[in-house]
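# Topology and contacts: notes
Spelled out, the chains give:
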Amino acid sequence: MLPATTDDIVFHRLSPSNLLRYAQTCKTAYGAVSSYIQRTFQVQQLLSRFFTPSEIHYFRYWQSRTGMFISGSTALQFFDRSFYPDSDLDIYVEHRHCEPIAYWLTSLGYAFEPRRGHENDTLADALVQTLPSLYGEVHMVSSGFFESASVGYFGRGVANVYNFHKYNPDRKIQLITSYHSPLEVVLNFHSTCVMNIITHEKAYSLYPKATFEQRRSLIISTEGSNQETARKKYATRGWSMVEQLTHEEYRHSGSAFAQGGRYVGDSKCWTLPILPKLDLPEGYMETNTWELVHQANLEPEMLFLILLTGNLRYSYLVVDRSVQKYLTPALLDVSDDKCVYDDDIKKLLRWHRES
């Protein structure tokens, strides 16, 4: 790790765009900013409250193997270079991949704490309480593409929430599982300032201009408990909550909340590599696409289809019917039920974006 310098005092007060502008002034400034970024945006530092150095590597291995990512306040702190002393670690994964992660956490000494009303449940009991009927319905969708819908108790996309606790010092981890892609849960968060994710290889802020330059957060109307409470919490932390755009901003193509198709890792995202780079396979997060639209009354809405088939290891968000039509031929071959096409889908979408 590079040594800290007095530059950090100044750089820490600069917004991301101002850091970039300063780095472009000369070679010395570029080197100083690059060094600062390497020292500051460290996932080891972010996770050191919860895991030992060797456990952090294992955690990133689980991210690579299961598609799990960090989001919520933890990911926001990473990008914002801030620290909330009482915050939990929120990790998100498709429900069908959650079991090994849950048991790994208990092997580290984290105790599973059942939710209220389920005090007598063991972890094994809790892991089988969710899902079967929904997955049965999903696999009956012949095309593999279907609309997002509100299902269950927790709000759109969430299958279950598992709480793990470790004492001396006090640490909490929430494992949030999703029916489909966990990105569906993120895009249905209470507002855009918390739409940030950290995978095993990259960290992505989906709305960085609004979140870190303007300190604004666009409210997304969605189901789920405590949405208004969460918005108030982030308002006290310095974000202005935006219910809807003005007509002037709506017409401005440079708005941080301009409507249109997006994908994870596009030019509107702030993307950072996670260092040190580990010898792990490339992930699939950038396969996901979505669209922010503003209705006639300028109320914002996140739009996407969900792609889930038996020949994909993960499910994905697909921005519209044109992308569905483009991908469908690659998903029609079911002659080998052991073959998965996640790499094919990722490759096809890259070609589609470049064309």
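Residues numbered from 1 in each chain as written. Predicted model: local features only at pLDDT ≥ 70, side-chain atom pairs only at ≥ 80, totals over all residues. Heavy atoms only, no water.

## A word on helix α7 (residues 99–107)
Basically, it comes down to this: Whether a residue is buried, partly exposed or exposed follows from its accessible area with a 1.4 Å probe, protein chains only, as a fraction of its type maximum: under 20%, in between, or over 50%, in that order. Think of it this way: any DSSP run of H or I at least four residues long counts as a helix, any run of E at least two long counts as a strand, and we number them from the N terminus. Throughout, the arc means that of the directions going from the helix axis to the C-beta atoms. Should any heavy atoms of two residues lie within 4.5 Å, those residues are considered in contact.
The set of residues buried in α7 consists of Ile 101, Ala 102, Trp 104 and Leu 105. All buried residues of α7 lie within an arc of 165 degrees about the axis, which places them on one face of the element. Looking at the packing, one finds that the buried side of α7 touches α5 (53–66), β2 (89–94), α8 (123–127), β5 (158–166) and β6 (171–178). Backbone geometry just downstream of α7 places Gly 109 in the positive-phi region, at approximately 100 degrees.

## Section: the packing of α5 against α7
Worth spelling out the cut-off: All axes are obtained by fitting lines to C-alpha atoms, using only the stretch in contact for helices, and the reported angles, taken between N-to-C directions, cover 0 to 180 degrees. By definition in this entry, angles of less than 35 degrees are roughly parallel, angles greater than 145 are roughly antiparallel, angles of 65 to 115 are roughly perpendicular, and the rest are oblique. Less than a right angle of anticlockwise turn of the near helix away from the far helix marks a crossing as left-handed, whereas a clockwise turn marks it as right-handed. Each residue gets one of three labels, nonpolar for Ala, Val, Leu, Ile, Met, Phe, Trp, Tyr, Cys and Pro, charged for Asp, Glu, Lys and Arg, and polar for the others, Gly among them.
It is at 10 Å that the axes of α5 and α7 come closest, and there the two elements cross at 170 degrees. Relative to α7, the element α5 lies roughly antiparallel. Note that α5 runs across α7; the crossing there is left-handed. Mapping the contact onto sequence places Glu 55, Tyr 58, Phe 59, Trp 62 and Thr 66 in α5 and Pro 100, Ile 101 and Trp 104 in α7. Considering only residue class, the contact of α5 with α7 consists of 6 nonpolar, 1 polar and 1 charged.

## Re helix α12 (residues 227–236)
Listed in full, the buried residues belonging to α12 are Gln 227, Ala 230, Arg 231 and Tyr 234. Projection of α12 onto a plane perpendicular to its axis shows the buried side chains occupying an angular sector of 100 degrees, all on one side. For α12, the exposed residues set more than 90 degrees away from the buried face come down to Thr 229, Lys 232 and Thr 236. At its buried positions, α12 is contacted by α6 (72–80) and β10 (240–242). Of the residues flanking the end of α12, it is Gly 238, one or two places downstream, whose phi is positive at about 115 degrees.

## Comments concerning the sheet that holds strand β16 (residues 316–318)
Formally: Pairing between strands is defined by DSSP: at least two bridges between the two strands are required.
One open sheet accounts for 3 strands, arranged β4-β15-β16; its pairing is antiparallel. Edge positions in the sheet fall to β4 (145–147) and β16, since each of these pairs with one other strand and no more. Neighbour to neighbour, the strand axes of the sheet diverge by 40 degrees on average, direction disregarded.

## Points about empty space enclosed by the protein
The criterion, for reference: Computed over the protein atoms alone on a 1 Å grid, cavities are sets of points where a 1.4 Å probe fits but cannot get out and pockets are open sets with protein on both sides within 12 Å along at least five of seven lines; a residue lines them when it has an atom within 4 Å of a point. Grid points are joined across faces, edges and corners, and a volume is the space filled by probe spheres set on the points.
Taken as a whole and assessed by the stated rule, the structure comprises 1 cavity of 30 Å³ or more. Quantified by volume, the largest cavity comes out at close to 70 Å³. What lines the largest cavity is simply Phe 112, Glu 113, Pro 114, Arg 115, His 118, Asp 121, Ala 126, Gln 129, Asn 160, Val 161, Tyr 162 and Asn 163. Contributing elements (two or more residues each) for the lining of the largest cavity: β3 (111–113) and β5. By residue number, the principal contributor to the lining of the largest cavity is β5, which donates 4 residues. Tallied by class, residues from the lining of the largest cavity come to 5 nonpolar, 4 polar and 3 charged.

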